[in-house]
Amino acid sequence: MRDPKPTLIRPEPLAGGESAPVGAPIMPSVVYETEDPDALDAQYEGRREGFAYAREGHPNAAALARRIAAMEGVGAGVTVGSGMAAVSAALLGLLRAGDHILGGDQLYGRSLRLLSEDLPRLGIATGFVDAGDAAAVEAALRPETRMILIEVVSNPTLRVADLEGIARLARARGILLAVDNTFTTPRAIRPAEHGADIVIQSVTKLLSGHSDATLGWVGARDAALLRRMEAFAVTAGMTASPFDCWLAERGLATFPLRFDRAEATAAAVADALAAMPGVRRVIYPGRDDHPDAARARALLGARFCNMVTFEIEGGRAAANAFVRAAGGIAFAPTLGDVGSTLSHPASSSHRGLGPEARAALGISEGTFRLSVGLEEPDALTGALAAAADAARRAAA
Ligand code: PLP
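What counts, and at which threshold
Residues numbered from 1 in each chain as written. Predicted model: local features only at pLDDT ≥ 70, side-chain atom pairs only at ≥ 80, totals over all residues. Heavy atoms only, no water. 1 Å grid on protein atoms, 1.4 Å probe; cavity = no way out; pocket = protein on both sides within 12 Å on 5 of 7 lines; lining within 4 Å. Points joined across faces, edges and corners; volume = space filled by probe spheres on them. Nonpolar A, V, L, I, M, F, W, Y, C, P; charged D, E, K, R; others polar. Pairing = 2+ DSSP bridges. Helix = DSSP H or I, 4+ residues; strand = E, 2+ residues; numbered from the N terminus.

## Comments concerning the layout of surface pockets
In this structure, the largest pocket occupies an estimated 1,200 Å³ of space. If you trace the largest pocket, you find 41 residues lining it, with Gly-50, Phe-51, Glu-56, Gly-57 and Glu-230 closest to the centre. Across the lining of the largest pocket, the residue classes tally to 22 nonpolar, nine polar and ten charged.

Here is the structure:
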C-alpha cells in the first residue's frame, strides 16, 4: 500500500538531550525546514538566523567562515569550495565588463590564468606588474582600474610585495585591493590591517593543514562587498562540502602550533641548505640575503612562512636525482601539509612558460620549492643533504 503521507518522514532529533557536544558537529543536510513564509522572508532579509538550502550556506561553512574572519581581522567572510573559487568569487563577483584589473606578475598559476585568459573573454582588461615595486604599480594603473590582486609572498620565488605602498595607491584612487594570504597566513600578517579590502585564503593549504580538504575563503572589511561576492558564489555554485569544512575546523584548532613549528623549521632548513655543497641559492624571506629582507621584516615581523625555495647545480638529471634521493619528502605540487612536500616549478606550476620566461622569473631546472612540515628538523636536513649529494653525483 502506498504511504499516504510520505512528507511526514523526518529524521530523529540527534541524541544528546541537554548535553552540548564538545567536538564540532557535522551537518550534511542539503535542505532546512522553516516554520512559515514570514520566517523564511526574515531569514532571506537577514533579520533571522537560519539556513534554507546548502548551496546558499550551511552550518559547517558558516562556522568555519566566522573563525577565519576572526583570525584575519575582517568583519566577515564566506567559505567556498576551493582557493580558486575564492579568487573567482572576488574577481567575478565584483568586476564588470570595461573594468581593468592589475595583478602581481608572480601570482599563483591559476590566478594568472584567470586574469590572462578568462577575464578578457568577459570584457575585463588585465595587466601584470611587479608587486614589489609600488612605482611600477602606479605607472600601470589606468582610469578604469577597479582592482589590484597581489599575494604577500610570491610563488615560487618568495618575493615580498610592497603591500603598504600599493594599499596607499589603491586607497587614494578608490581601487579595491585584494590580497591572497595563503602563503603567509594570518599568523604572519593580517592584510586587512595593512589596507587590503578583500582577503583570500586557499584553506586547502596551511589553515586546514592535512591535505584532506579542498576549500577556500574570501573575506572583506565592507559588508556590501562581501554580500556581492557571496551572492556570486551562491549563483555559481561554489559550495563548500560540509565534511571538508568540518575537517578544516578541526585543522584550525592546531593551526597556530603547526605554523609556528613549520616556520621555525623552515628558517633552520634554509640556513642548512645554504651551507650544502651543490646548492647554488636559497630564498627565504627571513634570511639577510633575501632581496626583500628589510621589507619582509617590516611587514611580517618575526614570522615569515614555511616555504623555502632553493636552486641546485646541474640540469634535469640532477633535479631527478635530488627528488629520488629525498627520502620521506613527498614530491607533490601542494603546500601546507603536516608532512614536507617538494615541488619543481619547471615541470609543474611553471611548465607552461618557456625556459626564457622561467629564467626571467629566476626559475631554472634546478629550482625547487619546499613546503616545510612538522618533521624533526634534523631528519629533514638529513634527507635534503642526501638528496643534494645524489644530485651532485648525477651532475658530475
Ligand atoms: N592561491 C595560492 C597562493 C595558492 O598557492 C593556491 C593553490 O596552490 C591557490 C590560491 C588555489 O587554491 P586551491 O588549490 O584550494 O584552489
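That shown, we press on.
## Comments concerning the sheet that holds strand 9 (residues 307-312)
Spatial ordering of the open sheet is given by 8-9-12-11-10, a layout of five strands whose pairing is mixed. Where the open sheet ends on each side, the last strands, each with one partner, are strand 8 (279-283) and strand 10 (330-331). With two bridges joining them, strand 10 and strand 11 (residues 341-343) adopt parallel strand pairing. Counterpart to Phe-331 in the pairing with strand 11 is Leu-342.

## Some points on empty space enclosed by the protein
Throughout the structure, instances matching the rule amount to one cavity of 30 Å³ or more. Taken as a whole, the largest cavity spans an internal volume of roughly 50 Å³. Taken together, Leu-206, Arg-258, Phe-259, Ala-262, Asn-306, Gly-336, Asp-337, Val-338, Val-372, Gly-373 and Leu-374 form the lining of the largest cavity. Residues that form the lining of the largest cavity fall into these classes: six nonpolar, three polar and two charged.

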